[in-house]
Amino acid sequence: EPEVTQTPSHQVTQMGQEVILRCVPISNHLYFYWYRQILGQKVEFLVSFYNNEISEKSEIFDDQFSVERPDGSNFTLKIRSTKLEDSAMYFCASRKATNSPLHFGNGTRLTVT
Amino acid sequence: AQSVTQLGSHVSVSEGALVLLRCNYSSSVPPYLFWYVQYPNQGLQLLLKYTSAATLVKGINGFEAEFKKSETSFHLTKPSAHMSDAAEYFCAVILPSGNTPLVFGKGTRLSVIA
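Chemist: Which residues make up the overall build of chain B, and what values go with them?
Modeler: Broken down by element type, chain B carries zero helices and eleven strands. The N-to-C order of helical and strand elements in chain B reads β-β-β-β-β-β-β-β-β-β-β. The globule rule puts the C-alpha radius of gyration for 114 residues at 13 Å, and the 14 Å found for chain B is close to it. The 114 residues of chain B split such that 46% are buried. Counting only carbon and sulfur atoms, one obtains 53% of the accessible surface of chain B, whose full area is about 5300 Å². Of the side chains in chain B, 8 bear a positive and 6 a negative charge, and the two mean positions are spaced by 6 Å.

Take a look at the structure:
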């Protein structure tokens, strides 16, 4: 069964550095998402993306965050200047249509020191 | 805006006992509902989904959930718990049309005691 794949599985970075989290959604999916989960807390929506533009974003998704689909397969989340509170598990998800379930990747654990 | 409430952040059952994880939703229109499971250090795996067809939905690993509109509930059950069921379970809601985000509950950690 096709999967959403995320790389790297774990990223450690220093405060103030830029990070790019990478995702390869399922190939025939059209809707893409980023979620995050701070350790021990709920899974929170960050941003949705469709037709090469952001559809919706949460208040967490401030100017430090950006998303891009640079080619036909990758979907990236960039954090421009990381803060300690950005430490979390970041999940990428995709779905085929608006009436189908989201499929999640295994996540990237981001640790900001 | 839609939301879900999961009652009980931690549920502990004996192996072989009934598993019941509670989820209540709030939505302006009849939503789609999902249960996801997260095993330690892993991603989110779809357990089952309700998308306005049958109200009793069967999922993987023997789990099922029943959509009850009158109670705005979508509780997850399994007749007999197995040690391998120990994980975090998330209920999630989404509107059936448009590209609205999936909204998660806070999760319920299930422990299974031998």
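Chemist: Would you mind going over the sheet that holds strand 8 (residues 75–79) of chain A in detail, with residue names and values included?
Modeler: All names here are of chain A. If you walk across this open sheet you meet the four strands as 1-3-8-7, and the pairing is antiparallel. Taken across any chain shown, the strands that pair with only one partner, and hence form the sheet edges, are strand 1 (5–7) and strand 7 (65–68). Averaged over all pairs of adjacent strands, the angle between strand axes in this sheet comes to 20°, irrespective of strand direction. With four bridges connecting them, strand 7 and strand 8 associate as antiparallel partners. Following the sheet pairing, Phe 65 is matched in strand 8 by Ile 79.

Chemist: Account for the state of the cysteines, naming residues and giving values.
Modeler: Within this structure, the stated rule accounts for two disulfides over all chains. Note that Cys 23 of chain A is cross-linked by a disulfide to Cys 92 of chain A, the S-S spacing being 1.9 Å. Measuring the twist about the S-S bond at about -65°, one finds the Cys 23 of chain A-Cys 92 of chain A disulfide to be left-handed. Taken together, the residues Cys 23 of chain A in strand 3 (residues 19–24) and Cys 92 of chain A in strand 9 (residues 88–95) connect sequence positions 69 residues apart. When its relative accessible area of 1% is taken as the criterion, Cys 23 of chain A is described as buried. Given the relative accessible area of 0%, Cys 92 of chain A is considered buried. The disulfide bridge from Cys 23 of chain B ends at Cys 91 of chain B, spanning 2.0 Å between sulfur atoms.

Chemist: Any chance you could break down the sheet that holds strand 1 (residues 3–7) of chain B for me, citing the residues and the numbers?
Modeler: All names here are of chain B. Strands sit in the order 1-3-8-7-6 across an open sheet of five strands; the sheet is antiparallel. The strands lining the two open edges of the sheet, one partner per strand, are strand 1 and strand 6 (56–58). Shown here is a sheet whose adjacent strand axes are inclined to one another by a mean of 20°, direction ignored. Where strand 7 (residues 64–68) and strand 8 (residues 73–78) come together, five bridges link them in antiparallel fashion. By the bridge assignment for strand 8, Glu 64 is matched with Thr 77.

Chemist: Explain the pairing of strand 9 (residues 87–94) of chain B residue by residue, including any values.
Modeler: All names here are of chain B. Strand 9 sits mainly inside the fold: eight of its eight residues count as buried. Neither face of strand 9 is left uncovered, since the one carrying Ala 87, Tyr 89, Cys 91 and Val 93 and the one carrying Glu 88, Phe 90, Ala 92 and Ile 94 both have all their residues buried. Of the strand pairs in this sheet, strand 4 (residues 32–38) and strand 9 are connected by seven bridges, and their pairing is antiparallel. Note on strand 9: the bridge partner recorded for Gln 38 is Glu 88. Sheet analysis places strand 9 next to strand 10 (residues 103–104), joined by two bridges and oriented antiparallel. Looking at strand 10, one finds that Ala 92 is bridged to Phe 104.

Parameters at a glance
Residues numbered from 1 in each chain as written. Chains lettered and ligands numbered in written order. Predicted model: local features only at pLDDT ≥ 70, side-chain atom pairs only at ≥ 80, totals over all residues. Heavy atoms only, no water. Helix = DSSP H or I, 4+ residues; strand = E, 2+ residues; numbered from the N terminus. Rg over C-alpha atoms; globule rule 2.2 N^0.38 Å. Buried < 20%, exposed > 50% of the residue type's maximum accessible area, 1.4 Å probe, protein only. Areas by Shrake-Rupley, 256 points an atom, 1.4 Å probe, with all protein chains shown as cover. Lys, Arg positive; Asp, Glu negative; His and termini not counted. Charge placed at Lys NZ, Arg CZ, Asp CG, Glu CD. Pairing = 2+ DSSP bridges. Axes fitted to C-alpha atoms, helices over the stretch in contact; angles between N-to-C directions. Disulfide = S-S within 2.5 Å.

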